[in-house]
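Residue strings, one per chain:
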Amino acid sequence: CDTLIYPYDADTINEMVKWRVNTGHASENLDVRTGSTQLSKLCNKELWSFEQEEYRVMYDYLYQTMPGWSLSMLAIILWVLTTVVEFRAVLDQARAICLIPSIPPEESGIVRGDDGYEILGMRPIKKMVCLIFLCLPRLILAVLLSIVGCQYLAQTVSLNDIVLNSLAL
């Protein structure tokens, strides 16, 4: 089950529009007693059907006290701020590697002292290797995790699921 599939893709929206035109406003579905169409009954939440349930989900998302879009934006902003912490940690690690003094190839950068080993410096090629194999993978994973998390939260339709998904991330 792919949780990133948005339930209202182009085909679903086209089907909803066709239903609205062909069924919702159709004269054969007109209630002669009240003069209301099936679509007006749907909007007044008077139907017991699949369409009514879909309308309820969309209505709950858009028109509640705390609308779904604002709750989604809040969840996305909190997620991005959480991933910024990892970006900052990667930046600090890269900066620490770059600030280690450079030494010529013939010198040893490690000296044994009384309390253990002390790093005096690193060769420039070792700094590059550390940046490529330590910092770059962390940065790539942080970016991907941030993007996928934002997509996951943005494509959540139910208000309950928005809260649960934001807590899960």
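The structure presented is a predicted model; accordingly, all values stated were derived computationally and were not measured.

Undergrad: Break down a nonpolar patch on the surface for me, citing the residues and quoting the values.
TA: Where nonpolar side chains cluster on the molecular surface, the patch consists of I125, M128, V129, I132, F133, L136, L139, I140, V143, L144 and I147 and spans about 1,000 Å² of accessible area. Locating M128 in the fold gives a position in helix α5 (residues 124–154). Judged by relative accessible area, M128 falls into the partly exposed class, the value being 45%.

Undergrad: Report on the confidence of the model for the protein, specifying residues and quantitative values.
TA: When pLDDT is averaged along the protein, the result is 80, and 86% of the positions lie at 70 or above. Mean pLDDT across the secondary structure elements of the protein bottoms out at helix α3 (residues 50–63), with 69, and peaks at α5, with 92.

Undergrad: Describe the environment of P101, naming the residues involved and giving the relevant values.
TA: If you trace the backbone, P101 turns up in the loop between α4 (68–99) and β1 (110–112). Put simply, P101 and K127 are 26 residues apart on the chain and 9.9 Å apart in space, counted from C-alpha to C-alpha. Ignoring any residue separated from it by four or fewer positions in sequence, one finds P101 in contact with L120, G121, M122 and K127.

Undergrad: Go over the pattern of salt bridges, please, and point to the residues and values.
TA: The tally for this structure, following the rule as stated, stands at 3 salt bridges. Here D92 ties to R88 by a salt bridge, and the two come within 3.5 Å at their closest N and O atoms. Highlighted residues: D92 and R88, both in helix α4, separated by 4 residues, approximately one helical turn. Within this structure, R88, D92 and R95 form a network of salt bridges that share partners.

Criteria and thresholds
- Every chain's residues receive numbers from 1 upward, in the order its sequence appears when written.
- Residues qualify for local features only when their pLDDT is at least 70, as the model is predicted, and side-chain atom pairs are given and counted only at 80 or more; totals for whole chains, interfaces and linings, by contrast, use all residues.
- For the side-chain quantities, the full set of heavy atoms in the structure was used; hydrogens and water were omitted.
- Residues enter patches when their relative accessible area tops 30% and they take part in no salt bridge; the joining distance is 9 Å for like charges and 5 Å for the nonpolar side chains Val, Leu, Ile, Met, Phe, Trp and Tyr.
- Every accessible area reported is derived by Shrake-Rupley at a probe size of 1.4 Å, with residue values counting cover from the shown protein chains alone.
- Salt bridge criterion: a side-chain nitrogen from Lys or Arg within 4 Å of a carboxyl oxygen from Asp or Glu.
- Note on conventions: DSSP H or I runs of at least 4 residues are helices, E runs of at least 2 residues are strands, and numbering of each starts at the N terminus.
- Partly exposed describes any residue whose relative accessible area lies between the buried limit of under 20% and the exposed limit of over 50%, with all areas from a 1.4 Å probe on protein chains only and scaled to the type maximum.
- The pLDDT value expresses, per residue, how confident the predictor is, ranging between 0 and 100.
- Any pair of residues with heavy atoms lying within 4.5 Å of one another is described as a contacting pair.

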